Amino acid sequence: MSTDRQASLGRGLAPRLMLAQVLVLGASVLTASLVAAFVGPPLFHQHMLEAGHVPNSPELAHIEEAYRDSAFVSLGVALAFALVCAAAVTWYVTRRLQAPLGALAKAAREVSRGHLGARVGDFGSGVEFDELGRAFNLMASQLEQTEDTRRRLLSDLAHELRTPIATLTVYCEGLRDGVTTWSSDTERVMTEQTERLARLAADLDDVSRAEEGRLGLERSVRPVRDLLWSAFQAKREAFARRGVELLADVDDAPDVDVDVDPRRLGQVLDNLLANALRHSHAGGTVRLSARTSDGTLEISVADTGDGMSADQLPHVFERFYRGDTARDRDRAGSGLGLTISRAIADAHQGSLEADSPGPGRGSTFTLTLPTFTRLPH
């Protein structure tokens, strides 16, 4: 057996538990011995005198000596029995503790080696150990989900980069070989693809900073009607070009204020309206509205477009996720707009949810924010 192994055993749970029990037993026996030596004999002597024994008689001395001997023998036997019981208890408790701790250590080593599927079962060693096992399993599950997300992100990112890079490569090779000449169409294509790459890089930076809690907000108190009107004005021409009617219920919006970053909240509304436009057809309608409910503000963007199935709804806020219709119709977006929007909503202590009655029946995105209450002067 190696020196490290021997040292590890010496620092193990069983020796420490046994040492602790021996120390407690030693202190208890020492206390009992001192009491038996200094308190017991005088009390026994006093009782013997009260029982009628003559002081300093040989009989009394013999009885008191027998008392002392029996007391110390009893203490010795009790100590030996207690040590045996302590050893048995130490063995039992150690066995009960080593099994769950060993399982946890083994699972932790597996996780450290990258095997994130490692889990522990119910130990049956008490509520505390079962709770510890559940906490470990939850941690491992979250690590596994994070790793899956990372892998999917890298895969999706590679997929998103492939098209603009391939387009730029083809045009550069064509220009170099003289197959393609520099023209307005060439400039337009290369500018679009370069802007797409720049937009993707900026959106990735926004997502990273938002999810890491590094999204700086420059808050100010703004009327909700001003925010709705600004969002409507920014997207009105884009909707008109596509033949989609954009309605903004500004006058019917509640007369309340919100403490937000106007630029970031404008980014959220712009993303929601752009998403609604992407999934709408000519002749469709998109409505921007707001209402209050239980001290919160709900801003809704409802469209009459493609809608979503129940299977699509849980994924709409995932990075690079697009519905099939969006993939076919518009590849200009980075696929990160809704992800960024939800992160911004979370940074404002709000939420962003999606709902749809089904494919072809439109969708509704609802942004919820706490309203701002002005303190009386």
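Before any of the text, the structure's been laid out above.
Notes on the structure follow. (Residues numbered from 1 in each chain as written. Predicted model: local features only at pLDDT ≥ 70, side-chain atom pairs only at ≥ 80, totals over all residues. Heavy atoms only, no water.)

Along its length, the protein carries 10 helices and seven strands. Put simply, 69% of the contacts in the protein that link residues at least 6 apart link residues at least 24 apart. As presented, the protein carries roughly 22,400 Å² of accessible surface, and 57% of it is formed by carbon and sulfur atoms. (Helix = DSSP H or I, 4+ residues; strand = E, 2+ residues; numbered from the N terminus. Contact = heavy atoms within 4.5 Å. Areas by Shrake-Rupley, 256 points an atom, 1.4 Å probe, with all protein chains shown as cover.)

Between helix 8 (residues 262-278) and helix 10 (residues 337-347), the shortest axis-to-axis distance is 9 Å and the interhelical angle comes to 145 degrees. In the crossing of helix 8 with helix 10, the sense of the turn from one axis to the other is left-handed. In this structure, helix 8 uses Arg-264, Gln-267, Val-268, Asn-271, Leu-272 and Asn-275 to contact helix 10, whose residues at the interface are Gly-337, Leu-338, Ile-340, Ser-341 and Ile-344. By residue class, the composition of the contact of helix 8 with helix 10 is five nonpolar, five polar and one charged. (Axes fitted to C-alpha atoms, helices over the stretch in contact; angles between N-to-C directions. Left-handed = near helix turned anticlockwise from the far one by under 90°. Nonpolar A, V, L, I, M, F, W, Y, C, P; charged D, E, K, R; others polar.)

Positive phi, close to 55 degrees, is recorded for Asp-294, a residue that is not glycine. In this structure, Asp-294 sits in the loop between strand 4 (285-293) and strand 5 (296-303). Backbone geometry places Gln-349, a non-glycine residue, at a positive phi of 60 degrees. Taking relative accessible area as the criterion, Gln-349 reaches 58% and is therefore assigned exposed. (Buried < 20%, exposed > 50% of the residue type's maximum accessible area, 1.4 Å probe, protein only.)

On to the environment of Ala-347, then. Mapped onto the fold, Ala-347 is located in helix 10. Ala-347 gets classed as partly exposed once you look at its relative accessible area, which sits at 22%. When sequence neighbours within four positions are dropped, the list of residues in contact with Ala-347 reads Leu-215, Leu-217 and Arg-219.

Once that is clear, we can look at the pairing of strand 7 (residues 363-370). Among the eight residues of strand 7, six are classified as buried, and the element is accordingly described as predominantly covered. Bridge analysis of strand 5 against strand 7 gives eight bridges, and the strand direction is antiparallel. Note that in strand 7 the partner of Ile-299 across the bridge is Leu-367. Both strand 6 (residues 351-355) and strand 7 contribute to a ladder of five bridges, which runs antiparallel. Across the sheet, residue Asp-355 finds its bridge partner in strand 7, namely Thr-364. (Pairing = 2+ DSSP bridges.)

Here the focus is helix 10. Those residues of helix 10 that fall on the buried side of the exposure criterion are Leu-338, Thr-339, Ile-340, Ser-341, Ala-343, Ile-344 and Ala-345. Downstream of helix 10 by one or two residues, Gln-349 has phi in the positive range, about 60 degrees.

Given two aromatic rings, their pairing is described by the distance between the two centres and the angle made by the two planes. By the definition in use, this model includes two aromatic pairs. An angle of 35 degrees between the planes, with centres 5.5 Å apart, marks the rings of Trp-229 and Phe-232 as tilted. Here Trp-229 pairs with Phe-232, and both are found in helix 7 (residues 224-242), just three residues apart, close to one helical turn. Phe-232 gets classed as buried once you look at its relative accessible area, which sits at 12%. Ring geometry for Phe-317 and Phe-365: centres 6.1 Å apart, planes at 85 degrees, overall edge-to-face. (Phe/Tyr/Trp six-rings, centres within 6.5 Å; stacked < 30°, edge-to-face > 60°.)

Let us look at the environment of Arg-291. For Arg-291, the position within the fold is in strand 4. Taking the relative accessible area as the measure of exposure, Arg-291 reaches 48% and is therefore partly exposed. As for Arg-291 and Thr-368, which are separated by 77 residues in sequence, their C-alpha atoms are 9.7 Å apart. Dropping the residues within four chain positions of it, Arg-291 is found in contact with Pro-254, Thr-296, Leu-297 and Glu-298.

Here the focus is the packing of helix 7 against helix 8. Running from N to C, helix 7 and helix 8 point in directions that differ by 25 degrees, and their axes come no closer than 10 Å. Here helix 7 is positioned roughly parallel relative to helix 8, judged by the angle of their axes. Relative to helix 8, helix 7 is oriented so that their crossing is right-handed. Between helix 7 and helix 8, the contacting residues are Leu-227, Ala-231, Lys-235, Ala-238, Phe-239 and Arg-242 on the first element and Leu-265, Leu-269, Asp-270, Leu-273, Ala-274, Leu-277 and Arg-278 on the second. Considering only residue class, the contact of helix 7 with helix 8 consists of nine nonpolar, no polar and four charged. (Parallel < 35°, antiparallel > 145°, perpendicular 65-115°, else oblique.)

This part covers helix 7. With 19 residues, helix 7 extends 27 Å from end C-alpha to end C-alpha; this agrees with the ideal 27 Å at 1.5 Å per step. At Lys-235, helix 7 shows its largest kink, close to 45 degrees. Burial in helix 7 covers these residues: Val-224, Leu-227, Leu-228, Ala-231, Phe-232, Lys-235, Ala-238 and Phe-239. Buried residues belonging to helix 7 abut strand 1 (220-223), strand 2 (245-248), strand 3 (257-260), helix 8, strand 4 and strand 5. Downstream of helix 7 by a residue or two, Gly-243 has a phi angle that is positive, lying close to 75 degrees. (Expected span 1.5 Å × (residues − 1). Bend = angle between axes of the 7 residues up to and from the residue.)

Looking now at the nonpolar core. Within the largest apolar cluster, 43 residues are counted, with the highest numbers of intra-cluster contacts made by Leu-228, Val-286, Ile-299 and Leu-367. If you list the elements that add at least two residues to this core, you get helix 6 (184-211), helix 7, strand 3, helix 8, strand 4, strand 5, helix 10 and strand 7. In contact with Leu-367, not counting residues within four places along its chain, are Leu-265, Val-268, Leu-269, Leu-297, Glu-298, Ile-299, Ala-345, Ser-351 and Leu-352. (Core = buried A, V, L, I, M, F, W, Y, C linked by side-chain atoms within 4.5 Å.)

Opposite charge on two side chains permits pairing when their charged atoms draw close. Evaluation of the coordinates by the stated rule reveals nine salt bridges. The partner of Arg-291 in a salt bridge is Glu-298, with the nearest N and O atoms 2.9 Å apart. What makes Glu-298 buried here is its relative accessible area of 17%. Residue Glu-353 pairs with Arg-342 through a salt bridge whose shortest N-O separation is 3.4 Å. Of this pair, Glu-353 sits in strand 6 while Arg-342 sits in helix 10, and the two are 11 residues apart along the sequence. For Arg-342, a relative accessible area of 27% corresponds to the partly exposed category. (Salt bridge = Lys/Arg side-chain N within 4 Å of Asp/Glu carboxyl O.)

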